[in-house]
Amino acid sequence: MSVGSSGSLYSFSFSEEHLALVESVEGYLSRLGSKRQELLNDIFEKGEYPDELSQAMVDLGLFGALIPAQYGGSGLGLLGMALAMEKFASFGLANTLALLTTMDAMAIQRGGTEDQKQLLLPQIAEGKIKSAFAITEADAGTNSFRIALSAKETGDGGFVLNGEKAWITGVDRADHLLVVSRTTSYQRVKESGLPKSFGMSLFFIDTATKGITKSKMATMGIEGFNQFQLFFDDVEVPKDALIGEKDLGAAVLFEALNPERIIAASFAVGMVDYFLSKSVNYANERRVFSDTPIGSYQAVQHPLAKIRVTQEGARLLTYQAASAFDQNAPMSIVARYANMAKYLASEVGFEAADRAIQTHGGNGFVRDFGIIQMLAPARLAKTAPINNEMILNFIAEHELKLPRSY
Ligand SMILES: Cc1cc2nc3c(=O)[nH]c(=O)nc-3n(C[C@H](O)[C@H](O)[C@H](O)COP(=O)(O)OP(=O)(O)OC[C@H]3O[C@@H](n4cnc5c(N)ncnc54)[C@H](O)[C@@H]3O)c2cc1C
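Computed from a predicted structure; not experimentally measured. (Residues numbered from 1 in each chain as written. Predicted model: local features only at pLDDT ≥ 70, side-chain atom pairs only at ≥ 80, totals over all residues. Heavy atoms only, no water.)

Looking at the ligand, there are 19 residues lining it, with Phe133, Thr136, Thr142, Trp167 and Thr169 nearest. Measuring from a nitrogen atom of the ligand, one finds a side-chain N or O atom of asparagine 393 at 3.0 Å. Secondary structure elements with two or more residues in the shell around the ligand: β1 (131–134), β3 (159–169) and α12 (388–399). (Near = heavy atom within 4 Å. Polar contact = N/O pair within 3.5 Å; in protein donor to acceptor, adjacent residues only side chain to side chain. Helix = DSSP H or I, 4+ residues; strand = E, 2+ residues; numbered from the N terminus.)

It is the contact of helix α8 (residues 249–285) with helix α9 (residues 298–326), at a shortest axis distance of 9 Å, that shows an interaxial angle of 155 degrees. In terms of their interaxial angle, α8 and α9 are classed as roughly antiparallel. Seen along the crossing, α8 lies across α9 with a hand that is left-handed. Contacts from Glu255, Pro259, Ile262, Ala265, Ser266, Val269, Val272, Asp273, Leu276, Ser279 and Ala283 of α8 reach α9 at Val300, Leu304, Ile307, Arg308, Gln311, Ala314, Arg315, Thr318, Ala321, Ala322 and Phe325. In terms of residue class, the contact of α8 with α9 is built from 14 nonpolar, 4 polar and 4 charged. (Axes fitted to C-alpha atoms, helices over the stretch in contact; angles between N-to-C directions. Parallel < 35°, antiparallel > 145°, perpendicular 65-115°, else oblique. Left-handed = near helix turned anticlockwise from the far one by under 90°. Contact = heavy atoms within 4.5 Å. Nonpolar A, V, L, I, M, F, W, Y, C, P; charged D, E, K, R; others polar.)

Moving on, we come to the environment of threonine 169. Among the structural elements, threonine 169 can be located in strand β3. Taking the relative accessible area as the measure of exposure, threonine 169 reaches 10% and is therefore buried. With 121 residues separating them in the primary sequence, threonine 169 and serine 290 have C-alpha atoms 49 Å apart. If sequence neighbours within four positions are ignored, threonine 169 has contacts with Thr96, Leu100, Ala132, Ile222, Phe225, Asn226 and Gln227. Among the polar contacts listed, one links the side chain of threonine 169 to the side chain of glutamine 227, at a separation of 2.9 Å. (Buried < 20%, exposed > 50% of the residue type's maximum accessible area, 1.4 Å probe, protein only.)

Moving on to helix α5 (residues 96–111). Look at α5: 23 Å from first C-alpha to last across 16 residues, which is about the 22 Å you get at 1.5 Å a residue. Among the 16 residues that make up α5, 15 are buried, leaving the element largely enclosed by the rest of the structure. (Expected span 1.5 Å × (residues − 1).)

What follows concerns the packing of aromatic side chains. One pass over the full model with this rule turns up 8 aromatic pairs. Aromatic pair tyrosine 49 and phenylalanine 225: ring centres 5.3 Å apart, planes at 20 degrees, arrangement stacked. Of this pair, tyrosine 49 sits in the loop between α2 (35–46) and α3 (51–59) while phenylalanine 225 is found in the loop between β6 (212–216) and β7 (227–237), placing the two residues 176 residues apart along the sequence. An identical accessibility class is assigned to tyrosine 49 and phenylalanine 225; each is buried. Ring geometry for tyrosine 282 versus phenylalanine 369: centroids 6.0 Å apart, planes at 85 degrees, classification edge-to-face. Residue tyrosine 282 is found in helix α8, and its partner phenylalanine 369 is found in the loop between α10 (331–360) and α11 (375–380); the two are separated by 87 residues along the sequence. Residue classification places phenylalanine 369 among the partly exposed positions, given a relative accessible area of 27%. (Phe/Tyr/Trp six-rings, centres within 6.5 Å; stacked < 30°, edge-to-face > 60°.)

Quick look at the structure:
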């Protein structure tokens, strides 16, 4: 394969289940009618993502999309999940807790024992367990290998967790938490010459476990959910909370990161629809010189048209990535498309927010127009779950075979 070529292409097509799902989601969203504005107010004014929306997603089989039927899942796959989440996001109703729970379910599926899968996956698919994900620490953001939260084995095979996490989304709304810890410290790994991914261990624990305290952070970016600093003070967890093998959790974690990026990309692609439809409606109505709508000016049209083109590229990459994942393509192929999709979708998502503001002039800053409060969520996608510089690092290293830069 030549450097930078597309290599193995995994073609995608929509099954009857996918098409039926899209129809169901569109039907649900259109039936919301004026209720949609109430839901948007809950998210963007009250800061509370409505439970009824999460329940609707459970009923549509979305919390179980990546879970096989034998564990109670809908088996809609990541392509189904991406198609549905894009639609919800196009209505301004993206659900980050659904994204986090899906990635945690993936980790359980790839790393969990048969007993863990049978116990946890059906409850996730039924919406009885919703979960947050905790890897970031104040001193270990982009470099997650540097995390310090420690998990020490106790005599009975259980573990005791000590340390801190930060920016953890939705812990107050989640029943469980997938927490990434170190069973062998980063320092020790470096001194021993072991791979830096060694020594990481995953635990799936109840958020109410004794010894965990949380402090709400004053953040924006995921309206409807809050971010928390978490403090783990001698938190005792049983042996069966360990997902995957002790010290080898990174491999399991990597399996869950591509779905996270792909779902994040679908959010951003859907958000572009949200911004474009508002921009087009406004541009068709607003007249400032004689009776000409501002939408007839090319200076207004062309940026919107360019966004539409880029959005389609991002959408196809997202479907390509999701489909490659569903077809069990090698992780390197899934990662290629997942990273490209997340990059392009987040860039065009932010551009669409910016252009929607510009098209609306001063009204772009009036909350009633429903744009300015979407600016932080659109911008977040360039930074989290992973920043776009790291995505470009990945593409440079793995696609272009350039030296690793960090
Ligand atoms: C609203 C919100 C919700 C979040 N939710 C969660 C959550 O639920 N769970 C969780 O674990 N985390 C969560 N995070 C954390 C998020 O994943 C991190 O903020 C992100 O990974 C970046 O880490 P950092 O903030 O420490 O940035 P840093 O690592 O300090 O990086 C700062 C900047 O430096 C640049 N940079 C860093 N390294 C490189 C490099 N090697 N090459 C080029 N440029 C580089 C990038 O531009 C980056 O944005 C959330 C964050 C936000 C803002």
